[in-house]
Amino acid sequence: MLNHAARTLLARRAVQAVQPTALGRFYAAQRSGLSSLVYVETKGSGFDEGALNAITAARALSGPVTAVVAGSEAAAVAKAVAKIDGIDKVVVAQDAAYDHALPETTAALLKALQEKEGATHVFAPHSAAGKNVMPRLAALLDSQQISDIVGIEGEDTFVRPVYAGNAIATVKSSDPIKVVTVRTAAFPAAAASGAAAAPEEAAPAVKAESLSKWLKEDVVKSERPDLAAAKRVVSGGRAVKSAEGFKIIYELADKIGAGVGASRAAVDAGYCDNSLQ
Amino acid sequence: MSSLRILVGVKRVIDSAVKVRVNSAQTGVETANVKHSMNPFDEIAVEEALRLREKHGADTVKEIVVLSCGPAKAQETLRTALAMGADRSIHVKTDDALEPLSVAKLLTKVVGADKPDHVLLGKHAIVDDAHQTGQMLAGLLNWPQATFASKVDVNGRTLEVVREVDGGLETVSAALPAIVTTVMRLIEPRYASLPNIMKAKKKPLTTVTPADLGVEIRSRLQTLKVVEPPKRQGGKVLASVDELLDKLRNEAKVL
């Protein structure tokens, strides 16, 4: 349901849409209604690769896909993000307030950008940062977020696992703005195939207090791929019988460069850590 | 240290050991005659509140209130939390389906009325696996949030929280009032002893409805269908490492 302000805005854009420029095409596409933001989590001068899978998900819908890059090194990250296939525009928020995906500031930024761009969809990977930031954003947009999707069947219809994957649900959202986190393993990563870089634009300054403060991190630097993102996984179940037994699983995984996983039974029995389930 | 009142949200869910089955109509999972219990992450949240009181003393943690939104049976879960050691409970009674956004809105009203300093929630319910309610509540209240907490320390009016993130841990600090959501790590929830179960029967349980709180429950998501995941192929016991290598290379093509 569009309020008066939104209808006026769309009407104004319809008039502007006669322009043949890229920006004009951008506004023209907006008239069809759909437009997606994708939150790209910056990590220093790099970015979380889960965004590539979220971009693929966003591209399943019609309409422009705008990447949001925020952090103290956002300008550098934006140059790489602008080259990703399917990105129509990159919005750059160069500000340390967005480092470490601090949810209070990041959600406020995404809300401001959703309003400015008139985005109908906001995507992020179902990563630690995505899980932390997106529901806060969804509440600010009065939208019931759809988490951890494995499929898209329409602009309002998504497929997602429930009950720890023991059932797969197809849900249809009636919210005008959809906030969606994406299971990265379910969507291929968008490539950067060398086409022209998308235009970049600076994000508006957003007044949001930094309510929490990041102090430090303790990242386990492992060569082993993360379970959710690994192409291959060696998995152990209750038959492994002990934590000692799991050593073989780790050795095989490391030999072939696979991730390590475990059944709930093995985790509950203490053979390995809960994060492998 | 100034005193704190802690609110813990708990949810009654299908027990984690139950093998969940999709119903024949493919509209949901079988819930009738299936064992239910407190969401395991919520047990951790209750335990965390109790340990904060044990660590800092009853003068600092003045009250632990537990809350649950749902039908009449939600009271069983509240009684369990009271038996573990919570002081009083609030039941927001409704038979309507509750999405995380609705729960967050109900909690926002309770927080506004009850004014706790600190709200603890499980990081997700093993039902819809949404991982949303705590963050949504924090957004609606404009409070700081510290999700996936594996360790919480209180220093006066500041929380220092160790959070699980992809690939490791990070430490954040936040001023109270704040929302924390808990993971399954480090702490074992206690079992309620029989004397505590008996004592729990006398502890206050207040019931309110969404209408009392001025919240209209409206589902935004319609479940079109629920199906079982694709069936896994049967496993095979292999005779030798060579056979394993052959199958991985030639059949599964992963090597």
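Residues numbered from 1 in each chain as written. Chains lettered and ligands numbered in written order. Predicted model: local features only at pLDDT ≥ 70, side-chain atom pairs only at ≥ 80, totals over all residues. Heavy atoms only, no water.

Rule in force here: UniProt positions are given in the numbering used here, feature names are shortened, and annotations may be inferred rather than shown by experiment.
The name an unreviewed UniProt entry gives chain B is Probable electron transfer flavoprotein subunit beta, with Coemansia biformis as the organism. Its UniProt record gives chain B the following Sequence similarities (unreviewed entry) comment, quoted word for word: "Belongs to the ETF beta-subunit/FixA family." Per UniProt, chain B has the following entry under Subcellular location (unreviewed entry): "Mitochondrion matrix".

As recorded in an unreviewed UniProt entry, chain A goes by the name Probable electron transfer flavoprotein subunit alpha, mitochondrial, listed as coming from Coemansia biformis.

## Comments concerning the overall build of chain A
Stated formally: The helix and strand labels rest on DSSP assignments: H or I over at least four residues marks a helix, E over at least two residues marks a strand, and numbering proceeds from the N terminus. Residue exposure (1.4 Å probe, protein chains only): buried if accessible area is under 20% of the type maximum, exposed if over 50%, otherwise partly exposed. In what follows, residue pairs with any heavy atoms lying within 4.5 Å of each other are defined as contacts. Per-residue accessibility takes into account occlusion by the displayed protein chains alone, with areas from the Shrake-Rupley method and a 1.4 Å probe.
When you go through chain A residue by residue, the secondary structure sums to 8 helices and 14 strands. With 277 residues in all, chain A has 49% of them scored as buried. Taking all contacts inside chain A whose residues are at least 6 apart in sequence as the whole, residues at least 24 apart take part in 70%. Accessible surface, chain A: about 12,600 Å² in total, of which carbon and sulfur atoms supply 54%.

## Brief notes about the sheet that holds strand β8 (residues 157–162) of chain A
We apply this condition: Strands are labelled as partners when DSSP assigns at least two bridges between them. Convention adopted: a line fitted to C-alpha atoms gives each axis, helices being fitted over their contacting stretch, and angles between N-to-C directions are expressed from 0 to 180 degrees.
Taken in spatial order, the 4 strands line up as β7(A)-β8(A)-β9(A)-β12(B) in an open sheet, and their pairing is antiparallel. Looking along the sheet, the strands with just one partner apiece sit at the ends: β7 (151–154) of chain A together with β12 (221–227) of chain B. Along the sheet, successive strands turn relative to each other by an average axial angle of 30 degrees, direction set aside. Bridge analysis of β7 of chain A against β8 of chain A gives 3 bridges, and the strand direction is antiparallel. In the strand pairing of β8 of chain A, Ile 152 of chain A is matched with Phe 158 of chain A.

## Some details on the interface of chain A and chain B
Stated formally: Buried area adds together the accessible area that both of two parts lose upon being put together, with accessible area traced by a 1.4 Å probe. One side-chain nitrogen of Lys or Arg within 4 Å of one carboxyl oxygen of Asp or Glu is enough to make a salt bridge. Each residue receives one of three labels: charged for Asp, Glu, Lys and Arg, nonpolar for Ala, Val, Leu, Ile, Met, Phe, Trp, Tyr, Cys and Pro, and polar for the others, Gly being one of them.
Of the residues lining the interface, 52 residues belong to chain A; the matching set on chain B comes to 57 residues. In this assembly, chain A packs against chain B so that about 4,500 Å² is buried in total across both faces, 51% of it on carbon and sulfur atoms. Together, Arg 136, Gln 144 and Tyr 163 of chain A form the three largest contributors to the area buried by chain A at its contact with chain B, with a combined 16%. Counting every contact that joins chain A to chain B gives 3 salt bridges. Among the salt bridges present, the one from Asp 142 of chain A reaches Arg 220 of chain B, with a minimum N-O distance of 3.1 Å. For the side of chain A that touches chain B, the class distribution of residues is 21 nonpolar, 16 polar and 15 charged.

## Comments concerning the environment of Thr 157 of chain A
Tracing the backbone through its elements, the reader meets Thr 157 of chain A in strand β8. Taking the C-alpha atoms as reference points, Thr 157 of chain A and Ser 174 of chain A, separated by 17 residues in sequence, lie 9.5 Å from one another. Other than its neighbours up to four places away in sequence, Thr 157 of chain A contacts Ile 152, Thr 170, Val 171 and Lys 172 of chain A together with Leu 224 of chain B.

## Observations regarding the sheet that holds strand β12 (residues 212–219) of chain A
The 10 strands lie next to each other as β12(A)-β9(B)-β8(B)-β7(B)-β10(B)-β6(B)-β1(B)-β4(B)-β5(B)-β11(B), forming an open sheet whose pairing is mixed. The open sheet has two free edges, formed respectively by β12 of chain A together with β11 (205–208) of chain B, since each of these has just one partner strand. Taking each pair of neighbouring strands and ignoring which way they run, the sheet shows an average axis angle of 30 degrees. For strand β1 (residues 4–9) of chain B and strand β4 (residues 61–70) of chain B, the ladder comprises 6 bridges, and the chain directions are parallel. Across the sheet, residue Leu 4 of chain B finds its bridge partner in β4 of chain B, namely Val 61 of chain B. Contacts between helix α1 (residues 40–56) of chain B and the sheet are confined to β1, β4, β6 (118–122), β7 (145–155) and β10 (178–182) of chain B, with β6 of chain B contributing the most and set at about 145 degrees to the helix.

## Details of the packing of aromatic side chains
The test is simple: Stacked, tilted and edge-to-face are the three classes assigned to paired rings of Phe, Tyr and Trp, where Trp is represented by its six-membered ring and a pair needs centres within 6.5 Å; plane angles under 30 degrees give stacked, over 60 edge-to-face, the rest tilted. Note on geometry: a ring has a charge over it if NZ (lysine) or CZ (arginine) is within 6 Å of the ring centre and within 35 degrees of the ring normal.
Under the defined criterion, the tally for this structure stands at 0 aromatic pairs over all chains. Residue placement shows Lys 131 of chain A over the ring face of Phe 148 of chain B; its charged tip is 5.6 Å from the ring centre.

## A few points about the side chain of Arg 53 of chain B
Turning to its location among the elements, Arg 53 of chain B is positioned in helix α1. Aside from chain neighbours lying at most four places away, what touches Arg 53 of chain B is Ala 58, Val 61, Ile 64, Gly 85 and Asp 87 of chain B.

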